[in-house]
Amino acid sequence: MKFVKRGTALFGAALLSLAGTSAVRAAVSTAAEKYPLVYETEGKMAGSETLTYTLPEPVAVEGNALAVNLFVKNTFNNALPLSFSVISEGKEYKWRKDGGYTYGREPGATDMIRAECRSDGTVEVPYLFGGELLLPFSALSQAVSISRVDGISVTATAAKDSLFASGDSWVNDGVSLYLYGVDCVKMDETTGEEISRKTLADFTAVSLSEVIHTSGGSTETSATLRKATAEDNKVREILDEAKNARCPETGDMKIIEDFGDNLFSALGAERAAKEWNERYYLSGQISDYSPVNNASGGKALAYNLDSAVFDAGKNSYAGVHFNFLRRDSFDFSGAKGMAVYVENTSDKLTSFALELFQYNTDTGLLEQYNLNDAGNKYKTLYAYNTETGEEFSYHTQTFMRVPAKFKGWIRIPFSQYAAPAWSMSEAYGNKGVLNFDKYPVVKISMTRLFNANADTKLIIDNVALYYSDFSVGNLFNAAKPSIKQCVESGKVTK
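My aim in this report is to walk through the structure given alongside it, one point at a time. (Residues numbered from 1 in each chain as written. Predicted model: local features only at pLDDT ≥ 70, side-chain atom pairs only at ≥ 80, totals over all residues. Heavy atoms only, no water.)

1. Quick notes on the pairing of strand β23 (residues 350-360)
Remark: a regular strand shows side chains that alternate across the two faces of the sheet. Judged by how many residues are buried, β23 sits mostly within the fold: eleven of eleven residues are covered. Covered by surrounding structure in β23 are Thr350, Phe352, Leu354, Leu356, Gln358 and Asn360 together with Ser351, Ala353, Glu355, Phe357 and Tyr359, the residues of both alternating faces. Where β23 meets strand β27 (residues 400-402), three bridges bridge the pair, whose relative direction is antiparallel. Note on β27: the bridge partner recorded for Ser351 is Arg401. In this sheet, strand β29 (residues 441-449) lies alongside β23 in antiparallel orientation, the contact comprising six bridges. Residue Gln358 lies in a different strand from β29, and its bridge partner there is Val441. Pairing of β23 with strand β24 (residues 365-369) involves five bridges; the strand directions are antiparallel. (Buried < 20%, exposed > 50% of the residue type's maximum accessible area, 1.4 Å probe, protein only. Helix = DSSP H or I, 4+ residues; strand = E, 2+ residues; numbered from the N terminus. Pairing = 2+ DSSP bridges.)

Put into structure tokens, the structure is as follows:
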């Protein structure tokens with residue numbers, strides 16, 4: 001996903017620009033007044049599933065682009081792969097695989113959002129995107145001039161993270177796709193001004209029986225299609241507000257994930273718990289996560305590995321992952337490294353990794369970075385035990401080690417991160433350069449090796465970026481603050 005400034009030419013030859021237009025329908029910005037269709041999955045999808053809507057009467061095409069109004073939230077990846085097509089006089093026309101990019105804008109936004117068009121013909125709709133995508137008719141796979149539209153199809157693909165060439169063993173893939181409607185728009189290809197707009201489908205007004213939901217050519221589907229409720233619209237409203245909020249700051253740190261559950265406090269207890277739980281997702285060995293109270297009265301995340309469910313026939317790896325809610329969390333520029341508050345409840349040393357996923361907008365791939373570096377196996381981390389006041393540095397390999405009964409902050413300088421060797425092969429396309437000024441970081445993975453950490457629980461809170469140079473306990477450089485001073489009285493300077 002990339003934000004593109006106003007006035008940028010869009011769609012290649014189509015040269016459509018949204019500058020100065022009001023291309024996002026009111027139906028999207030007033031979600032509380034409309035009840036869209038909601039397509040959702042809980043757990044893994046069986047495969048690609050398609051929603052097809054036949055218009056009551058054919059509509060003559062007077063525009064040069066299809067405008068799709070939607071909102072998407074999903075676990076698993078930062079972007080949801082969707083494909084779109086129109087049906088005209090009994091034939092289906094899809095957007096071609098080499099379309100490059102499509103663009104959209106959210107209500108009130110000054111920047112356009114560029115969504116990647118993948119080699120399989122799908123469009124990666126950004127996480128929590130709520131607005132309008134524009135698909136130019138000039139980019140249809142068939143070189144034809146469509147004169148009318150009889151129907152519209154939207155296909156959600158089985159989730160496969162673009163990082164992995166053959167997919168990965170993800171435990172859950174949950175998807176929620178809110179569909180508001182589809183318009184045909186006429187744009188001035190020189191100025192980008194909207195000339196006209198015609199509604200093709202208003203999904204807030206159609207009944208479920210009017211939309212055909214199929215999977216792999218059959219009617220057996222793993223997802224559900226339903227009408228949104230007032231509670232769904234409240235969730236949409238909460239998430240819209242959250243993604244535009246600034247990250248909280250404490251000391252010299254910007255908190256990019258606090259695991260708090262107060263975000264959904266306006267919802268009923270059952271729905272609030274569901275929304276909190278679905279923010280996180282698992283892969284590899286079965287592990288367990290849950291909210292727990294922290295010292296300040298808020299919530300932290302408990303991450304447990306239970307030997308009773310260990311599968312010896314699988315890799316020992318287990319992971320819990322999350323996408324960033326706030327757009328401010330994407331911005332790592334100016335930060336010196338990662339900080340995380342962690343409590344090891346065990347009486348033995350345990351370990352976990354805090355892995356970063358950078359979205360390379362040039363390649364359209366997620367790039368993974370962690371401490372698994374073949375060229376430099378020993379990594380230096382820094383710790384501050386908030387109970388004892390002790391500060392220390394130590395070496396680790398691949399995973400950060402957490403001492404027995406430790407409670408406090410661990411800091412990882414960005415200089416210790418690297419692209420793992422396996423990700424540098426051509427199949428994965430990792431460029432191996434953490435460029436925070438150019439590319440956003442969109443996702444975090446917290447991973448553990450099961451066989452080394454069975455029956456241990458970590459309490460993880462406040463994943464953060466830190467911005468200060470420091471010296472451990474002022475011992476080696478009195479001119480630099482200690483970690484304690486940074487945590488308690490430092491300031492974020494970007």
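2. Some words on the side chain of Thr204
As for its placement among the helices and strands, Thr204 is situated in the loop between β13 (194-202) and β14 (211-215). On the basis of relative accessible area, Thr204 is assigned to the buried category, the value being 17%. At 2.6 Å, the side chain of Thr204 forms a polar contact with the side chain of Asp202. If sequence neighbours within four positions are ignored, Thr204 has contacts with Lys34, Tyr35, Pro36, Tyr180 and Lys227. (Polar contact = N/O pair within 3.5 Å; in protein donor to acceptor, adjacent residues only side chain to side chain. Contact = heavy atoms within 4.5 Å.)

3. Description of the nonpolar core
Core analysis: the largest hydrophobic core is formed by 52 residues, its most contacted members being Phe332, Met338, Phe352, Leu354, Ile410 and Met446. For this core, the leading source of residues is β23, giving five residues. Once you skip the residues sitting within four places of it in the chain, Phe332 turns out to touch Ile256, Phe324, Met338, Leu356, Phe414, Phe436, Val441 and Leu465. Listed in part, the 45 residues of the second largest apolar core include Val68, Ile152, Ala156 and Leu200. (Core = buried A, V, L, I, M, F, W, Y, C linked by side-chain atoms within 4.5 Å.)

4. Quick look at the environment of Thr52
The topology assignment puts Thr52 in strand β3 (residues 49-60). For Thr52, a relative accessible area of 17% translates into the label buried. Separated by 162 residues in sequence, Thr52 and Thr214 have C-alpha atoms that sit 8.3 Å apart. If sequence neighbours within four positions are ignored, Thr52 has contacts with Ile87, Ile152, Ser153, Glu210, Val211 and Ile212. Within the structure, Thr52 has its side chain in polar contact with the side chain of Ser153 (distance 3.0 Å).

5. A short note on the pairing of strand β17 (residues 253-257)
Counting buried positions along β17 gives five out of five residues, so the element sits mostly inside the fold. Pairing of strand β16 (residues 249-250) with β17 involves two bridges; the strand directions are antiparallel. Bridge pairing in β17 links Thr250 to Met253. The turn linking β16 back onto β17 is made up of two residues, and Gly251 within it adopts a positive phi angle of 55°. In this structure, β17 lies alongside strand β30 (residues 456-466), joined through four bridges in antiparallel fashion. Directly across from Ile255, in β30, lies its bridge partner Ala464.

6. A closer look at the pattern of salt bridges
This structure, assessed with the given rule, holds 26 salt bridges. A salt bridge links Asp240 to Arg236; the shortest N-O distance between them is 2.7 Å. Of the two residues, Asp240 and Arg236 both sit in helix α2 (residues 230-243), four residues apart, roughly one turn of that helix. Judged by relative accessible area, which is 1%, Arg236 ranks as buried. As a salt-bridge pair, Glu387 and Lys407 come within 3.5 Å of each other at their nearest N and O atoms. Of this pair, Glu387 sits in the loop between β25 (379-385) and β26 (391-396) while Lys407 sits in strand β28 (residues 407-413), placing them 20 residues apart in sequence. On the basis of relative accessible area, Glu387 is assigned to the exposed category, the value being 57%. What you see here is one network of salt bridges that share partners, running through Glu40, Lys73, Arg226, Glu231, Asp232, Arg271 and Glu275. (Salt bridge = Lys/Arg side-chain N within 4 Å of Asp/Glu carboxyl O.)

7. Let's talk about α2
The end-to-end C-alpha distance of α2 is 20 Å, a good match for the 20 Å that 14 residues give at a rise of 1.5 Å each. Along α2, the positions that sit buried rather than exposed are Asp232, Asn233, Val235, Arg236, Ile238, Leu239, Ala242 and Lys243. (Expected span 1.5 Å × (residues − 1).)

8. Notes on unusual backbone geometry
Unusually for a residue other than glycine, Glu89 sits at a positive phi of about 50°. Take Glu89: it is sitting in the loop between β5 (79-88) and β6 (91-94). The class of Glu89 is exposed, set by a relative accessible area of 54%. Of note in this structure, Asn462 is not a glycine but carries a positive phi near 50°. Along the polypeptide, Asn462 turns up in strand β30.

9. Quick notes on the packing of aromatic side chains
A complete count under the given rule lists 22 aromatic pairs for this structure. Clustering of aromatic rings is evident, with ring pairs tying together Phe259, Trp276, Tyr280, Tyr289, Phe322, Phe324, Phe330, Phe332, Phe414, Tyr417 and Phe436. Stacked on the ring of Tyr466, the Lys or Arg Arg411 has its end atom at 4.5 Å from the ring centre. Above the plane of the ring of Tyr303 lies Arg448, whose end atom (NZ or CZ) is 5.6 Å from the centre. (Phe/Tyr/Trp six-rings, centres within 6.5 Å; stacked < 30°, edge-to-face > 60°. Lys NZ or Arg CZ within 6 Å of the ring centre and 35° of its normal.)

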